[in-house]
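So the chains spell out like this:
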Amino acid sequence: LDKIINQWEKSMCFRVWMPKVNDALFAHKHGKYSLSIPIWIMMIEGIIRDFMRSVYGVTPFRFNPLYKNFKEKAEELDAFLISHVFYCMDSFYISFDPKKPDETDDFNRHKIFHGQAQGYDMLIHSLKLILYLDEIFYIISSLENNIAMN
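Residues numbered from 1 in each chain as written. Predicted model: local features only at pLDDT ≥ 70, side-chain atom pairs only at ≥ 80, totals over all residues. Heavy atoms only, no water.

1. Some details on the pattern of salt bridges
- Tallied over the full model, the rule gives five salt bridges.
- The residue K71 makes a salt bridge to D90 at a minimum N-O spacing of 2.8 Å. Of this pair, K71 sits in helix α5 (residues 63-74) while D90 sits in helix α6 (residues 79-93), and the two are 19 residues apart along the sequence.
- We note a salt bridge from D106 to K111, for which the minimum N-O separation is 2.9 Å.
- The class for K111 is buried, based on a relative accessible area of 2%. (Salt bridge = Lys/Arg side-chain N within 4 Å of Asp/Glu carboxyl O. Helix = DSSP H or I, 4+ residues; strand = E, 2+ residues; numbered from the N terminus. Buried < 20%, exposed > 50% of the residue type's maximum accessible area, 1.4 Å probe, protein only.)

In structure tokens form, the structure reads like this:
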């Protein structure tokens, strides 16, 4: 994990989040997943927002349109890998009905942040979010490289 996360320092969009990365990693390594998971979730949205604002000047209030726009930019990259990454992330961001919380898995951004998920604090979920962030790092790095080449 340290090797993966140390790479993130290379990206300006990640670099400003490194104090929170270190907090989340500390919590993760000590089995405090109820603490690491919300930080990883917050960073996914924050890093994508920072990147889209700084590189493309896109700053919508709601995350959904921003996320969709980010996905469109990323489609310029290797289609198969990118589609798999976003398939996994989309399932995490799928909306849920608060009146029927049991119909949605506890590993769901909305269910966690609206206090409806009791079983989200697991090692596997924290690791998935780390891997999502790592994929976002590589997507952002690739997009930045494409922009620099043009």
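2. A few points about the environment of F92
- Checked against the element boundaries, F92 lands in helix α6.
- In the structure, F92 is positioned 13 residues away from D105 in sequence and 8.9 Å away in space, judged by C-alpha atoms.
- The contacts of F92, once residues within four sequence positions are left out, are I41, F107, N108, R109, I112, L129 and Y132. (Contact = heavy atoms within 4.5 Å.)

3. Points about the packing of helix α4 (residues 33-56) against α5
- One way to put it is that α4 packs onto α5 with a least axis distance of 10 Å and a crossing angle of 65°. Considered as vectors, α4 and α5 are oriented roughly perpendicular to each other. Regarding α4 and α5, the two cross each other, and that crossing is left-handed. Of α5, the residues touching α4 (which contributes E45, I48, R49, F51, M52 and Y56) are F63, L66, Y67, N69, F70 and K73. (Axes fitted to C-alpha atoms, helices over the stretch in contact; angles between N-to-C directions. Parallel < 35°, antiparallel > 145°, perpendicular 65-115°, else oblique. Left-handed = near helix turned anticlockwise from the far one by under 90°.)

4. A word on the environment of K68
- The residue K68 is located in helix α5 in this model.
- Accessibility expressed as a relative area gives 54% for K68, which makes it exposed.
- For K68 and S36, which are 32 residues apart along the polypeptide, the C-alpha to C-alpha distance reads 25 Å.

5. Looking at the side chain of T104
- Along the chain, the position of T104 falls in the loop between α6 and α7 (109-113).
- Once residues within four sequence positions are removed from consideration, T104 is found in contact with F96 and K111.

6. Some words on helix α3 (residues 18-29)
- Its 12 residues place the ends of α3 16 Å apart at the C-alpha level, agreeing with the 16 Å of an ideal helix rising 1.5 Å per residue.
- Taken as a whole, α3 has its buried residues at M18, V21, A24, L25, A27 and H28.
- Trailing α3 by a residue or two, G31 shows a phi angle of about 70°, which is positive. (Expected span 1.5 Å × (residues − 1).)

7. Remarks on the nonpolar core
- Counting residues in hydrophobic clusters, the biggest one holds 44 residues, and the most contacted among them are W8, W40, I48 and F70.
- When contributions to this core are tallied by element, the ones reaching two or more residues are α2 (12-15), α3, α4, α5, α6 and α8 (123-149).
- The biggest single contributor to this core is α4, with 10 residues.
- Here F70 is in contact with I48, F51, M52, F86, I136, I139, I140 and L143, once residues within four sequence places are set aside. (Core = buried A, V, L, I, M, F, W, Y, C linked by side-chain atoms within 4.5 Å.)

8. A few points about the packing of α4 against α8
- Where α4 contacts α8, the two axes come as close as 9 Å, and the packing angle between them is 15°. Judged on the interaxial angle alone, α8 and α4 are roughly parallel. Regarding α4 and α8, the two cross each other, and that crossing is left-handed. Along its contact with α4, which presents Y33, S36, I37, W40, I41, M43, I44, I47, I48, F51, V55 and Y56, the element α8 presents L123, H125, S126, L129, I130, Y132, L133, I136, I140, L143, E144 and I147.
- Here the contact of α4 with α8 is built from residues that sort into 20 nonpolar, three polar and one charged. (Nonpolar A, V, L, I, M, F, W, Y, C, P; charged D, E, K, R; others polar.)

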